[in-house]
Amino acid sequence: MKGIFLLLGSNMGDKQLNIQNAIQSLVDADLVLVDYSSVYETAPWGNENQDWFLNLVIRIDTMLAPNDLLKRCQEVEKDLGRERIEKWGARIIDIDILYYDNLEENKPDLTLPHPAIAQRRFTLLPLIEIAANETHPTLLKTQSQLLTACTDELTCNKLDLDLGL
């Protein structure tokens, strides 16, 4: 896998604006936006009793180490009003590190690659737009192959939204 990939999602308030603000905050924090997927409207995963999400994947460059990148992402979430109340609950913004190049890490606060990539269509669909043939470093399958094998049947609709990026 080449690159650092983040999944952004929102299902509260002005979801599109929340995602735009999160990306701008990340860029303002000296991260470089390299590429991004389309935006997808997706059914909630884990806790289905909530509003649908908007999700997209971005590829960034940064000199930050993985744990420092995680802290930066969590700072952006907090600055935009995220409160961690319940697992898989509604949130103004969620930023997950999917891949950090081919790095494999398993620490209490950060697992790389993200452990649920292969089980979530809302992650794989936008990811294959910008990294279809990149290989998962532990599963040794491309993102397209992971999507073909994915059993998640939750709805993910590609939207025609201009984020102004």
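Everything numeric here is computed off the predicted structure, so don't read it as measured data.

Draft legend 1. View of the nonpolar core. Judged by nonpolar contacts, the single largest core of 25 residues is most densely connected at L6, L8, L26, L56, I58, L69 and I95. Of all the secondary structure elements, the ones that give two or more residues to this core are β1 (4-10), α1 (15-28), β4 (53-61), α2 (66-79), β5 (94-100) and β7 (110-112). Excluding anything up to four places from it in sequence, L69 contacts I4, L6, L31, I60, L64, I97 and Y100. Core analysis: the second largest hydrophobic core is formed by 19 residues, Y40, I117, L127 and L146 among them.

Draft legend 2. Unusual backbone geometry, seen in detail. In this structure, P113 follows L112 across a cis peptide bond, with omega equal to -10 degrees. Relative to the helices and strands, P113 is located in the loop between β7 and α3 (121-131). Within the chain, D30 stands out as a residue other than glycine whose phi angle is a positive 70 degrees. Counting through the fold element by element, D30 comes out in the loop between α1 and β2 (32-36). Here D30 falls in the exposed class, since its relative accessible area comes to 68%. Its identity as a non-glycine residue notwithstanding, D101 has a phi of 50 degrees, on the positive side.

Rules of the game
- Here the residue numbers are simple positions, counted from 1 along each chain's written sequence.
- Only residues with pLDDT of at least 70 get local features here, since the model is predicted, and only at 80 or more are side-chain atom pairs given and counted; chain-wide, interface and lining totals rely on the full set of residues.
- The basis for the side-chain values is all heavy atoms of the structure; hydrogens and waters are excluded.
- By nonpolar core we mean a set of buried residues, namely Ala, Val, Leu, Ile, Met, Phe, Trp, Tyr and Cys, connected to one another through side-chain atoms within 4.5 Å.
- Type-normalised accessible area, obtained with a 1.4 Å probe on protein chains alone, sets the label of each residue: buried when under 20%, exposed when over 50%, and partly exposed for intermediate values.
- A run of H or I in DSSP counts as a helix once it spans at least four residues, and a run of E counts as a strand once it spans at least two, with each numbered from the N terminus.
- Only heavy atoms matter for contacts: two residues are in contact if any of them lie within 4.5 Å across the pair.

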